[in-house]
Each structure stands twice: as C-alpha cells, then as structure tokens.
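Letter by letter, the chains look like this.
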Amino acid sequence: MQTFTHVFRNGVSAPAYRWKNPDGSEGGIVAESATIHPTAIISSTAEICPGTCIGEDAWIGNFSGIGADVSIGADVSIGKDVSIGKDVSIGNGASIGDGSRIGLGASIGAEASIEEDVSIDSFARIGADASISTDACIGKYVSIGAGSLVGLGSTIGMDF
C-alpha cells in the first residue's frame, strides 16, 4: 500500500492511500487513519476522510465524500454524489440515495432508507426503519421517529 499526502474535501491534509476493493479493482482515496472492513466496496472516485470507520459489506458510490470521524455500519449502501458531514453515524443496513446531503453530527438509524436528493441538516436524528422520500428536507436538530415515513418533497423543521 503506497501512501501519499492528500487534501480532503474538508480542507484537511492527511496521509492517504488508494483502497483496493475485494474484487481487486481500484477504490477511492482513503485516509490512513480510517478503519475500513476488508469487504467494503469504495468506488474509485469516492473519498473517505480521517477517523472514519466503515463496516462489513458497506458500499460507497462514485463522487461521494465521507467526512471525518464518521461511523458507517455493516451492509450500508451510499449512492453516488452523496456528501456526509463530520461526526455522522449511520446504522447497519441503512441506505442513502444518490445526491443526498447529510449534515454535521446527524444520526441515521439502522435499516433507515434515505432516498435521492434528500437534505438532512446538522444534528438531525432519523430513527431506525424510517423512510425519507426523494427531495425531502429535514432541518437542524429535528428528530424523525423509528418507522416514520416522510413524503416526497416534504420540508420538516426548516426556517421559511
């Protein structure tokens, strides 16, 4: 594994390397301080910031950026062009759709489904098995209960 200094999207410069996926294909750029399960698949244009932990059989899509100190559970699927802020927690089996944005310190429960182009602001909490539909916006510090459904294009807890 060849390491190099990389300036991550958050502006932090840190030692990094190219991930090698389980099938031998070249993966994305991973900070040396990140902990990645060997079965994880990280697309070649994805970026994993320092201190992040990614679980077994997780999948990270192209052009996605995973912030520093993020915890991603087993069997999590993160689509393409997703942005995940610092200190986010994503439970086992959750899915994050293409183009979604997850803010600083947010929490996504196990088996939660976040569809495409969803915006979840800082410190929001999405319960286990909740479903957030396409184009929904969840405001700062909002909590969505376990098993809840947030409909297409909904806006919850945002200033107007």
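One can find the structure itself at the top, above this paragraph.
Residues numbered from 1 in each chain as written. Predicted model: local features only at pLDDT ≥ 70, side-chain atom pairs only at ≥ 80, totals over all residues. Heavy atoms only, no water.

Colleague: Got a minute to help me understand the sheet that holds strand β3 (residues 26-31) in this structure?
Modeller: Strand pairing in a sheet is mediated by backbone hydrogen bonds. Such pairs are either parallel or antiparallel. With mixed pairing, the 10 strands of this open sheet are ordered in space as β1-β2-β3-β6-β9-β12-β15-β18-β21-β24. Sheet topology places β1 (4-7) and β24 (155-156) at the edges, where each strand pairs with a single neighbour. Two elements, strand β6 (residues 47-48) and strand β9 (residues 65-66), share 2 bridges in a ladder whose sense is parallel. Across the sheet, the residue bridging to I48 is I66, located in β9. (Pairing = 2+ DSSP bridges. Helix = DSSP H or I, 4+ residues; strand = E, 2+ residues; numbered from the N terminus.)

Colleague: Help me out: how do you make sense of the side chain of S122 in this one?
Modeller: With respect to the helices and strands, S122 occurs in the loop between β18 (119-120) and β19 (125-126). Classification of S122 as buried rests on a relative accessible area of 12%. Discounting chain neighbours no more than four positions away, the residues touching S122 are G103, L104, K140 and Y141. (Buried < 20%, exposed > 50% of the residue type's maximum accessible area, 1.4 Å probe, protein only. Contact = heavy atoms within 4.5 Å.)

Colleague: Can you walk me through the sheet that holds strand β22 (residues 143-144) in this structure?
Modeller: In spatial order, the strands read β4-β7-β10-β13-β16-β19-β22; together these 7 strands make up an open sheet with parallel pairing. Edge positions in the sheet fall to β4 (35-36) and β22, since each of these pairs with one other strand and no more.

Colleague: Sorry, what's going on with the environment of V118 here?
Modeller: Residue placement: V118 occurs in the loop between β17 (113-114) and β18. When its relative accessible area of 1% is taken as the criterion, V118 is described as buried. Each C-alpha atom, one on V118 and one on I102, is 8.2 Å from the other, the two residues being 16 residues apart in sequence. Setting aside its immediate chain neighbours within four residues, V118 contacts S100, R101, I132, S133, T134, D135 and A136.

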